[in-house]
Amino acid sequence: MRHAFLFACLLAFAGSSAAAAPAPADRHALAGARSETRTDSTFQLSSRDFQDGGEIPIRFSANGDGLSPSLAWSGLPEGTRTLAVMMEDPEGVSSKPFVHWLAWNIDPAAGGLSRGSVTLGARLGKNSRGTPSYLAPRPGTPHKYHFQVFALDKELALKAGSNREQLLAAMNGHVLAKADLVGTFTRRK
């Protein structure tokens, strides 16, 4: 009887420990919400091409010139050595989130990226179509696009053409601060 009671206690303890263990990373969460990018620090991110929460002009879509919009950052924390950019669409149909753009080892001193400047000496990763490039939006219904920029404490030794999961793994433990600029877009008829 005592052995049964002890066994039941051990099972209850093991069950409570398993419940308290952290859940595995949610692969469908935006990069900024993933455990690999956890930080309480933020900085300012803007674009001269659209306002946060506003509509992305057609020239930055697949129906226009397909250019990446400009991005500007300020207020980076001390110790920022490099930046990473991830543009994701949480409402993508073929993958969630749908990755439009991955770039890392961007020089923070540049203060931003100009229109169509997807690399600025950085390395590009694969978007959800499998190509290392900026993939302009082209949804038939309204979608939100998250331009997420991460301030990192080191340059990443990650080869060009790596994917989202590889980039997140390389960034893990090196994110000093992050910013998220959201734009909306829907294809016009």
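Residue positions within a chain follow its written sequence, with the count starting from 1. With the structure being a predicted model, the display of local features is reserved for residues of pLDDT at least 70 and the display and counting of side-chain atom pairs for 80 or more, all residues being used for whole-chain, interface and lining totals. No hydrogens and no water enter the side-chain calculation; it runs on all heavy atoms of the structure.

Re the overall build of the protein chain
We apply this condition: Each helix is a run of DSSP H or I of at least 4 residues and each strand a run of E of at least 2, with the numbering of both proceeding from the N terminus. Throughout, exposure labels follow a simple rule: accessible area from a 1.4 Å probe, protein chains only, divided by the maximum for the residue type, with under 20% read as buried, over 50% as exposed, and the rest as partly exposed.
Within the protein chain one finds 2 helices and 8 strands. Across the protein chain, helices and strands are ordered from the amino to the carboxyl terminus as α-β-β-β-β-β-β-β-α-β. The buried share of the protein chain, reckoned over its 189 residues, is 42%.

Notes on the sheet that holds strand E6 (residues 123-124)
Strands in a sheet are paired, the pairing made by backbone hydrogen bonds, and the direction either parallel or antiparallel. Note the following rule: Pairs of strands are assigned from DSSP output, requiring at least two bridges between the strands.
Strands sit in the order E6-E4-E3-E7-E8 across an open sheet of 5 strands; the sheet is antiparallel. Edge strands, defined here as strands with exactly one partner in the open sheet, are E6 and strand E8 (175-185). Across 10 bridges, strand E7 (residues 143-152) lies against E8 in antiparallel orientation. Its bridge partner being in E8, Leu152 is matched across the sheet by Val175.

So, the environment of Thr82
Threshold: In protein, a polar contact requires one atom able to donate a hydrogen and another able to accept it; more generally it is a pair of N or O atoms within 3.5 Å, and residues adjacent in sequence count only if both atoms are side-chain atoms.
Within the secondary structure, Thr82 is located in strand E3 (residues 82-89). For Thr82 and Phe150, which are 68 residues apart along the polypeptide, the C-alpha to C-alpha distance reads 8.5 Å. Looking at Thr82, its side chain comes within polar contact range of the main-chain nitrogen of Asn105, at 3.4 Å.

Quick word on the side chain of Glu36
Within the secondary structure layout, Glu36 lies in the loop between helix H1 (2-20) and strand E1 (44-46). The class for Glu36 is buried, based on a relative accessible area of 12%. Here the side chain of Glu36 touches Arg34 through a polar contact of 2.8 Å, side chain to side chain.

With respect to unusual backbone geometry
Even without a glycine there, the phi angle at Asn105 is positive, about 65 degrees. Inspection of the secondary structure puts Asn105 in strand E4 (residues 98-106).

Examining the layout of surface pockets
This is how it is decided: Space inside and on the surface of the protein is sampled on a 1 Å grid over the protein atoms alone, with a cavity defined as a set of points where a 1.4 Å probe fits but cannot get out and a pocket as an open set with protein on both sides within 12 Å along at least 5 of 7 lines; lining residues have an atom within 4 Å of a point. Grid points are joined across faces, edges and corners, and a volume is the space filled by probe spheres set on the points.
Taken as a whole, the largest pocket encloses approximately 250 Å³ of empty space. Forming the walls of the largest pocket are 15 residues, and the residues nearest its centre are Asp89, Phe98, Arg129, Arg138 and Pro139. At the level of elements, E4 and E7 are the ones that each hand at least two residues to the lining of the largest pocket.

Notes on the pattern of salt bridges
We count it as follows: The term salt bridge refers to a side-chain nitrogen of Lys or Arg lying within 4 Å of a carboxyl oxygen of Asp or Glu.
By the definition in use, this model includes 7 salt bridges. Put simply, Glu165 and Arg34 hold a salt bridge, and the shortest N to O gap is 2.9 Å. With a gap of 131 residues between them, Glu165 in helix H2 (residues 164-171) and Arg34 in the loop between H1 and E1 connect regions that are remote in the sequence. Relative accessible area serves as the criterion here: at 24%, Glu165 is assigned to the partly exposed category.

Here's the deal with the side chain of Arg164
Here is the rule we go by: Residue contacts are counted whenever heavy atoms from the two residues lie within 4.5 Å of one another.
Here Arg164 shows up in helix H2. When its relative accessible area of 7% is taken as the criterion, Arg164 is described as buried. Here Glu88 takes part through its side chain, which lies 2.4 Å from a polar atom of the side chain of Arg164. If we skip the residues at most four places from it in the chain, Arg164 touches Arg27, Ala29, Leu30, Ala31, Arg34, Met86, Glu88, Pro97, Val99 and Leu102.

Thoughts on the confidence of the model for the protein chain
Operational definition: Along the chain, pLDDT gives the predictor's confidence residue by residue, from 0 to 100.
Here the protein chain averages 87 in pLDDT, while 84% of its residues score no lower than 70. Low pLDDT (under 50) marks residues 3-24, which in the prediction has 0 contacts with non-local residues, meaning those over four places away or in another chain.

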